[in-house]
Amino acid sequence: MLTLTIDGKEVNVQDGSTILEAARNIPGVGKIPTLCHSDSPALKDLKPARACRVCMVELLEDGRSRFPLACITPARNGMVVYTNSEEVKKRRKEIVGAHLKKCSKVKIIQDLAEEVGVTPEGELGEEECILCGMCERACKDPRGIGMAAISLVKQDGVSYYQVDEERCFGCGDCMMACSLGSIKLNEKAILPRPKAIN
């Protein structure tokens, strides 16, 4: 068992837990937002994607602050963590603002932007994917089915994920893994395509 301090509250967690896991469902501890993390029991073996960066926290060590991602940083004895310090709020707003600029029509990003105080500015994109790769990793399947029907491709300088329809059998794991809700299922998985190549 490990003991660390999160937002001034002493928290006991199992060895091997991440900061994100340590902070979940603890009264008095700030919410750590995520966009590329799945809590689905079916996908519990998926390792964190480390792509959206909105789960950044402030970690105070030896009198100095650093700002790691809570989804991949292991909890350690004696850690002092702040989930919503002023610096975290400032950095998180910049990160969420970048996601909103690209994916302005995605509801979960709109909601997160409102939560952290970001308002849409300038030219906004209407993409539906932040390229976190959760769909691809779920399709490779931690449980051993391993269809690998989804891959990252690049066309005309634009990267996106696409489905190999011959390999996809419509299990829905990619849809469960997509926290943006951008993947549909109709016998086969239907992934969003960039507007530039639609």
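What counts, and where the lines are drawn
Residues numbered from 1 in each chain as written. Predicted model: local features only at pLDDT ≥ 70, side-chain atom pairs only at ≥ 80, totals over all residues. Heavy atoms only, no water. Buried < 20%, exposed > 50% of the residue type's maximum accessible area, 1.4 Å probe, protein only. Helix = DSSP H or I, 4+ residues; strand = E, 2+ residues; numbered from the N terminus. Arc of directions from axis to C-beta. Contact = heavy atoms within 4.5 Å. Axes fitted to C-alpha atoms, helices over the stretch in contact; angles between N-to-C directions. Parallel < 35°, antiparallel > 145°, perpendicular 65-115°, else oblique. Left-handed = near helix turned anticlockwise from the far one by under 90°. Nonpolar A, V, L, I, M, F, W, Y, C, P; charged D, E, K, R; others polar. Expected span 1.5 Å × (residues − 1). Phe/Tyr/Trp six-rings, centres within 6.5 Å; stacked < 30°, edge-to-face > 60°. Lys NZ or Arg CZ within 6 Å of the ring centre and 35° of its normal. Pairing = 2+ DSSP bridges.

Peer 1: Is there a simple way to explain helix H3 (residues 107-116) in this structure?
Peer 2: Side chains that are three or four residues apart share a direction in an α-helix, a result of its 3.6 residues per turn. Of all the positions in H3, only Ile109, Leu112, Ala113 and Val116 are classed as buried. Mapping the buried residues of H3 onto a view down its axis gives an arc of 105°, with all of them on the same face. In H3, those exposed residues whose orientation departs by more than 90 degrees from the buried face are Lys107 and Glu114. Buried residues belonging to H3 abut helix H2 (86-102). Phi turns positive one or two residues past the end of H3, at glycine 117, with a value near 85°.

Peer 1: Any chance you could explain the packing of H2 against H3 here in plain terms?
Peer 2: Helices that pack against each other are described as a pair by the angle of their axes relative to one another and the distance between those axes. Their axes nearest at 10 Å, the elements H2 and H3 cross at an angle of 150°. Between H2 and H3, the angle falls in the class roughly antiparallel. Considering only the axes of H2 and H3, their crossing is left-handed. Contact residues: Arg92, Lys93, Val96, His99 and Leu100 in H2; Ile109, Gln110, Leu112, Ala113 and Val116 in H3. When the residues that make up the contact of H2 with H3 are grouped by side-chain class, the tally is six nonpolar, two polar and two charged.

Peer 1: Quick question: what am I supposed to make of H2 here?
Peer 2: With 17 residues, H2 should cover 24 Å at 1.5 Å per step; its first-to-last C-alpha distance of 25 Å lies within 8% of that length. Those residues of H2 lying buried are Val88, Arg92, Ile95, Val96, His99 and Leu100. Axial view of H2: buried residues confined to an arc of 140°, hence all on one face. The exposed set on the far side of H2, more than 90 degrees from its buried face, consists of Glu86 and Glu94.

Peer 1: Looking at this structure, how should I read the packing of aromatic side chains?
Peer 2: Given two aromatic rings, their pairing is described by the distance between the two centres and the angle made by the two planes. Per the counting criterion, the structure on display carries zero aromatic pairs. Above the ring of phenylalanine 67, the side-chain terminus of arginine 91 is found at 3.9 Å from the ring centroid.

Peer 1: How should I be thinking about the sheet that holds strand S4 (residues 64-66) in this particular structure?
Peer 2: Taken in spatial order, the five strands line up as S2-S1-S5-S3-S4 in an open sheet, and their pairing is mixed. This sheet does not close on itself; its edge strands, each paired only once, are strand S2 (9-13) and S4. Mean inter-strand twist for the sheet, computed between neighbouring axes without regard to direction, equals 30°. As defined by bridge partners, strand S1 (residues 2-6) adjoins strand S5 (residues 80-82) across two bridges and the pair is classed as parallel. Following the sheet pairing, threonine 5 is matched in S5 by valine 80.

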